[in-house]
Amino acid sequence: MGGRAHDPRTTRRSLIAMGAGGLTAAALATTGCLRRHDPAALTFWGTGYEGDYSPHLAAAFTTATGIPVETQSLPGTAAHEKFLTAHAGGSLPDVMMLPSGWVAEFAMIGAVAPLPDPALATDTFHGVMRPLTFAGVPHAIPWSVGSQVQFYRRDLLGEVGYDAAPLTWDGWRDVGAKLKRRHPDRFAILMFLNWWDTLITFAGQAGAYPLRDRDTRGDFRNPRYREALAFYVSLFADGYAPGVSSNEIQDPLAAFAQGYFALYPSGPTLLTDLHRRAAEIAPDRWGTARMPGPNGPGRVSAINNSIAVSATTPRPREAWALARHLTSAASELTFQRMIGSLPARRSAWTSPQLADPLLRPFAAQMELPAELPIIVEWERIRLEVQIVAERVVRGGLTIDEGLAAMDARVDAILARRRELVAAGRIA
Amino acid sequence: MTGSVHRRQQRAAWIFAAPVLGIIALVFVLPTLLALALSVTDYSIYALADWSNLRFVGFGNFADLLATPLFWRALRNTAIFAGLGVPMAIGTSLATALLLHDATVRWKPVWRVALFAPYVTGIVATAVVWRFVLNTRFGLLNWALAQVGVAPVDWLGDPRWSIPAILLFVTWKVFGYNMIVFTAALAAVPGELMEAARLDGAGAWTRFRHVTLPAIGPTLLLAAVMSVAGFLQLFAEPYVMTLGGPSQSTVTVLYFMFDEGFKWWNLGQASAVAFVLFVLILGVTLVQTRIGRRYEWL
């Protein structure tokens, strides 16, 4: 071995190896730089449109304060685990957007800081602060409110004698039956089987609260919840709604434009998509209305978002300044123009840009959110309940078996919470 | 004299092996032991909030696991994936390798590159394409089936078809790798043996069964061991294609573990799942090596 050390081939080879090593090191250094351009920058993570478009809001902040901001957009389906692992690994961003339902959970594990100024929690709609408060202290600033409303096709409903979307369950079923008779190969309603919000809305409309015993057990086998699930399942069983998940209809808006269905429960960001794609579906062919209830509109599910600051940020003052900037009435109105998200700040609603009649159902609905449990397990519970509901729709379980399965699953998920509540360790 | 040389060589061998052994200890033995330790605690999000909420629960997690219907479902789904997927993937690899091995095939490198390409293409990009191929209304596959009079199949939306649909995708994605391995093994099959068998009047099947197969036996065993381990750890494909749906029909053991551990932070429970999977793969591999020994492939 030693005798071959002077072999020129070996030297050349080692030179090549060194060169390759150097290149790899340079490449690693470059990607390292790409991941974080600027150590002086504040970091922000958001999901969905808010995450994608946050650089527009951040630019104004940088201009005003000179502090650069790096934003990252996370896919909504993977955000929960991303935030959790980031907290466990000590790499949370300085400022983050959290769906309101997650705030209490992240406050409990000490990931997000309490608001430094109680004034940040005022000037919003009824019930919006409730999930953002942990142990009596607000931990996030409301950012946007997204009550569920129904988008409807004026022309298709007109064909069956309705000039606006029905606001009662019976009305929905009537539209379903008539449209199905007219177009047997199409549907009346689109409700994705892997999305929970519509069933939560129906339960809220029926006046059902999902848990009991200080939120330590499921309460699905009560008559009001049964009524909601039975109505939900009947829409699929009678062929008014297709039994599809969101990954099967990749472009629901195109399907809506083609008349594959006429009623579509969704949130405010759909407005933006509809305006942008007016070439596919003209503005006079659709409208918005409040979700139907057993006897008219009532409490509905909402997807509200909020802004929180990491408890471990090394620069809390600047981080809160960014949080204030993002949640200012001016920023919320900019976002409304840009991506359609609706301001959580009540004072922003005096702006003429929110006087559009299409927004009226949202404004009316904002005051009546569905009453939901504020416990760390809720995020999981609503997914598991929807999975059982999907099995009932697909015929694997009867309605009563489904309700029993929901109670069993939820009781299992809440086992640890029951122990801790019984031991007096959590309220 | 020879003793000291032997000792010196032995020392040199240990020095050369030490870095690898060190890395194995660090990235394999240590995490396995830590996971085992975690699996006997009730580490959950409450423990992340406050360490005093952590308790030793012995085999409680394993008992809970056996009482969880979704875990059994995941185990069953994984068994179906592996039971159908391994023969499908290896069969396709071997069949294409045999076809490409034939002397009459032209432009072999082109075919090899084309068939190997899916293996090195990003899974998310290919999943997007395959979701279009499998689309119920506009998909290429349903269009092709319609040409022969088959009614449209709701590939990713019907719990009965979701596993076959994903298997189709996985097979297409992975068969190229073993195809290359088999191509190399086939090149080593002695030509004169083939010639002799042909002169003795052996047909194509007999030649394959008694000449080719024994020669590529060890390679086949290796491919089987790696494929079984791979299919038992199936995760990314259902994650990008169906998110475990519809009706949790494509939740695999690893997917279940990911959800429990990283989505809901029940790391105690998730570690128990990891340990069960570890024992399962170890068991299956032992059986496979025993079969291999019987055929003298090892």
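From a predicted model like this one, the values you see are computed outputs, not experimental measurements.

Right, let's talk about the overall build of chain B for a bit. Secondary structure assignment for chain B yields 13 helices and zero strands. Its helices and strands in sequence order give chain B the pattern α-α-α-α-α-α-α-α-α-α-α-α-α, from N to C terminus. For 298 residues, the compact-globule estimate of 2.2 N^0.38 gives 19 Å, and chain B exceeds it by more than 25% at 24 Å. A principal-axis box enclosing the C-alpha atoms of chain B has dimensions of 80 × 75 × 30 Å. For chain B, buried positions account for 31% of its 298 residues.

Turning our eyes to something else, we now look at the overall build of chain A. From N to C terminus, chain A includes 16 helices and 13 strands. Across its three principal directions, the C-alpha atoms of chain A cover 90 × 55 × 50 Å. Here the analysis covers contacts within chain A between residues at least 6 apart in sequence; of these, 75% occur between residues at least 24 apart.

A positive phi is found at Arg214 of chain A, a non-glycine position, where the angle reads about 55°. Along the polypeptide, Arg214 of chain A turns up in the loop between β8 (211-212) and β9 (217-218).

Turning next to the sheet that holds strand β11 (residues 286-290) of chain A. Strand pairing within a sheet occurs via backbone hydrogen bonds; the two strands may be parallel or antiparallel. Residue and element names in this part refer to chain A. Pairing within the open sheet is antiparallel, and its three strands lie in the order β10-β7-β11. Strand pairing shows two members of the sheet lacking a second neighbour, β10 (263-266) and β11, which therefore form its edges. Looking at each pair of strands side by side, their axes are set apart by 30° on average, direction ignored.

The partner chain B presents 20 residues to the 24 residues of chain A that form the contact. Looking at the side of chain A that touches chain B, the elements with two or more residues in it are α3 (79-88), α14 (378-393) and α16 (415-422) of chain A. In terms of residue count, α3 of chain A provides more of the side of chain A that touches chain B than any other element does, five residues in total. Split into classes, the residues belonging to the side of chain A that touches chain B amount to eight nonpolar, nine polar and seven charged.

Here chain A shows a mean pLDDT of 88. Residues at 70 or above account for 91%. Here residues 1-35 of chain A is modelled with pLDDT under 50, and outside its nearest four sequence neighbours on either side it reaches two contacts, counting other chains as well.

Moving on: the confidence of the model for chain B. Residue and element names in this part refer to chain B. On average, residues of chain B score 89 in pLDDT, and 99% of them reach the 70 mark or higher. Per-element confidence in chain B ranges from a low mean pLDDT of 85 for helix α2 (residues 45-49) to a high of 93 for helix α4 (residues 69-101). Taken together, the chains of this predicted complex give a pTM of 0.81 and an interface ipTM of 0.77.

Moving on, we get to the nonpolar core. All names here are of chain A. Counting residues in each nonpolar core, the largest one holds 166 residues, and the members touching the most others are Val103, Ala188, Ile189, Ala228 and Leu263. A domain-level breakdown of this core finds at least three residues from each of domain 1 (42-146 + 302-355) and domain 2 (149-301 + 373-422). Beyond its immediate sequence surroundings of up to four residues, Ile189 is in contact with Gly176, Leu235, Tyr240, Ala241, Phe261 and Leu263.

Residue and element names in this part refer to chain A. For strand β12 (residues 305-309), the tally of buried residues reaches five of five residues, placing the bulk of the element in the interior. Judged by which residues are buried, β12 turns out to be covered on both faces: Asn305, Ile307 and Val309 on one side and Ser306 and Ala308 on the other are all buried. Two strands pair when backbone bridges link them, and strand β3 (residues 95-99) and β12 are joined in this way by five bridges, in the antiparallel orientation. Of the residues in β12, the one forming a bridge with Val95 is Val309.

Before going further, it helps to spend a moment on the sheet that holds strand β6 (residues 141-145) of chain A. Read from one edge to the other, the open sheet built from six strands follows the order β2-β1-β3-β12-β6-β13 (chain A), with strand pairing classed as mixed. Both edges of this open sheet fall to β2 (69-74) and β13 (342-343) of chain A, since each of them pairs with a single strand only.

Next up on the list: the domain arrangement of chain A. How big an interface is tends to be reported as the loss of accessible area on association of its parts. All names here are of chain A. Split into domains, chain A comes out as domain 1 (42-146 + 302-355) and domain 2 (149-301 + 373-422). The straight-line distance from the C-alpha centre of domain 1 to that of domain 2 is 27 Å. It is helix α4 (residues 103-108) that contributes the most residues to the side of domain 1 that touches domain 2, three residues altogether. Tallied by class, residues from the side of domain 1 that touches domain 2 come to nine nonpolar, five polar and two charged.

All names here are of chain B. Remark: helix α5 (residues 108-120) packs on helix α8 (residues 162-187), axes separated minimally by 6 Å, with the N-to-C direction vectors making an angle of 125°. Comparing their axes, α8 and α5 come out oblique. At the point where α5 passes α8, the crossing takes the left-handed sense. Seen from α5, the contacting residues are Arg112, Leu115, Phe116, Pro118 and Tyr119; seen from α8, they are Trp172, Lys173, Val174, Gly176, Tyr177, Met179 and Ile180.

Residues and elements named next belong to chain A. Residue placement: Ala164 occurs in the loop between α5 (154-159) and α6 (169-182). For the pair formed by Ala164 and Ile381, sequence separation is 217 residues and the distance between their alpha carbons is 35 Å. Here Ala164 is in contact with Gly287 and Ala289, once residues within four sequence places are set aside.

It is worth spelling out the environment of Val276 of chain B at this point. Residue and element names in this part refer to chain B. Tracing the chain through its elements places Val276 in helix α13 (residues 267-294). Overall, the presence of 19 C-beta atoms within 10 Å leaves Val276 in the partly exposed class. For the pair Val276 and Pro238, spaced 38 residues apart in sequence, the C-alpha to C-alpha distance is 20 Å.

Looking now at the pairing of β10 of chain A. Residue and element names in this part refer to chain A. Along β10, one buried face is formed by Leu263 and Pro265 and the opposite face, lined by Tyr264 and Ser266, is buried too. Across four bridges, strand β7 (residues 149-153) lies against β10 in antiparallel orientation. Within β10, the residue paired with Gln150 across the bridge is Pro265.

An α-helix turns once per 3.6 residues; consequently, residues spaced three or four apart project the same way. Residues and elements named next belong to chain A. With 15 residues, helix α15 (residues 399-413) should reach 21 Å at 1.5 Å per residue; the first-to-last C-alpha distance of 21 Å fits that figure. Gly402, Leu403, Ala405, Met406, Asp407, Arg409 and Val410 are the residues of α15 that are buried. Buried residues along α15 sit in contact with β9, α8 (223-237) and α14.

Residues and elements named next belong to chain B. As for its position among the elements, Gly244 is in the loop between α11 (236-241) and α12 (253-263). The sequence separation of Gly244 and Ile216 amounts to 28 residues, and the corresponding C-alpha distance is 37 Å. Other than its neighbours up to four places away in sequence, Gly244 contacts Pro238, Thr250, Val251 and Tyr255.

Calculation notes
- Residues numbered from 1 in each chain as written.
- Chains lettered and ligands numbered in written order.
- Predicted model: local features only at pLDDT ≥ 70, side-chain atom pairs only at ≥ 80, totals over all residues.
- Helix = DSSP H or I, 4+ residues; strand = E, 2+ residues; numbered from the N terminus.
- Rg over C-alpha atoms; globule rule 2.2 N^0.38 Å.
- Buried ≥ 20, exposed ≤ 12 C-beta atoms within 10 Å, placed from the backbone.
- Contact = placed C-beta atoms within 7 Å.
- Pairing = 2+ DSSP bridges.
- Axes fitted to C-alpha atoms, helices over the stretch in contact; angles between N-to-C directions.
- Nonpolar A, V, L, I, M, F, W, Y, C, P; charged D, E, K, R; others polar.
- pLDDT = per-residue confidence, 0-100.
- Core = buried A, V, L, I, M, F, W, Y, C linked by C-beta atoms within 7 Å.
- Domains from an automatic or database assignment.
- Parallel < 35°, antiparallel > 145°, perpendicular 65-115°, else oblique.
- Left-handed = near helix turned anticlockwise from the far one by under 90°.
- Expected span 1.5 Å × (residues − 1).

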